[in-house]
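Coordinate inspection notes
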Amino acid sequence: MAVSIAQEDNSALLERIKPVGKLQIAGAAPPQAAVAAGPRSGKDIYAGACTACHAIGVLGAPKTQVSAEWQPRLDEKGFDQVWKNAIDGIGAMPPMGACGDCTDDDIKAAIEYMIEGI
């Protein structure tokens, strides 16, 4: 028996599945609110959202500015795919990492900071 689901109005579904809170990781800096003064630097985004996992390699996260952990990913996938994976989530990393208020460009800046000098 086939069931027809209306695709026109997903507002009720989106309301039911929207996030109900934010997670604060112990030891991580609290998330920063968007600043009207302009975009945050990659280093600032990293410090507020990425350092908890990428500083020590939690669950296989590549460590910040460690060429041996980043270069194989960059060689195999390229920067754009690494960036897309960070936006969409991959492995144990949720979409947008731990940055609940980041834009795609913020994620890009954080990755650029993490691979600086590689």
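Residues numbered from 1 in each chain as written. Predicted model: local features only at pLDDT ≥ 70, side-chain atom pairs only at ≥ 80, totals over all residues. Heavy atoms only, no water.

Some points on the state of the cysteines
Simply put, the disulfide is a covalent bond whose two ends are the sulfur atoms of two cysteines. Tallied over the entire structure, the rule returns one disulfide. Across a sulfur-sulfur distance of 1.8 Å, C99 and C102 are joined as a disulfide pair. Disulfide C99-C102: torsion about the S-S bond near 80°, hence right-handed. Take C102: its relative accessible area is 11%, and that puts it in the buried class. Free cysteine: C50, not disulfide-bonded; nearest cysteine sulfur from C102 at 6.8 Å. For C50, a relative accessible area of 14% corresponds to the buried category. C53 takes part in no disulfide bond, and the closest cysteine sulfur to it belongs to C50, at a distance of 8.8 Å. (Disulfide = S-S within 2.5 Å. Buried < 20%, exposed > 50% of the residue type's maximum accessible area, 1.4 Å probe, protein only.)

Some details on the packing of helix 2 (residues 42–54) against helix 5 (residues 104–114)
Running from amino to carboxyl end, helix 2 crosses helix 5 at an angle of 70°, the nearest separation of the two axes being 9 Å. By the angle class used here, helix 2 and helix 5 are roughly perpendicular. When helix 2 is examined against helix 5, the residues G42, K43, I45, Y46, C50 and H54 are found in contact with a partner set consisting of D106, A109, A110, Y113 and M114. Its residues assigned to classes, the contact of helix 2 with helix 5 comprises seven nonpolar, two polar and two charged. (Axes fitted to C-alpha atoms, helices over the stretch in contact; angles between N-to-C directions. Helix = DSSP H or I, 4+ residues; strand = E, 2+ residues; numbered from the N terminus. Parallel < 35°, antiparallel > 145°, perpendicular 65-115°, else oblique. Contact = heavy atoms within 4.5 Å. Nonpolar A, V, L, I, M, F, W, Y, C, P; charged D, E, K, R; others polar.)

Digging into helix 2
The first and last C-alpha atoms of helix 2 sit only 13 Å apart over 13 residues, clearly below the 18 Å expected at 1.5 Å per residue. Within helix 2, the axis deviates most sharply at G48, by approximately 60°. Of the positions making up helix 2, those classed as buried are G42, I45, Y46, G48, A49, C50 and H54. Elements in contact with the buried residues of helix 2: helix 3 (67–77) and helix 5. (Expected span 1.5 Å × (residues − 1). Bend = angle between axes of the 7 residues up to and from the residue.)

Focus: the packing of helix 3 against helix 4 (residues 79–88)
In a packed pair of helices, the relevant descriptors are the angle between the two axes and the axis-to-axis distance. In contact at an axis separation of 6 Å, helix 3 and helix 4 are set at 105° when each is read in the N-to-C sense. Between helix 3 and helix 4, the angle is such that the two are roughly perpendicular. Taking contact as the criterion, the partners of W70, R73, L74 and K77 in helix 3 are, on helix 4, F79, Q81, V82 and N85. Residues that form the contact of helix 3 with helix 4 fall into these classes: four nonpolar, two polar and two charged.

Remember, this is a structural readout, not a statement about activity or role.
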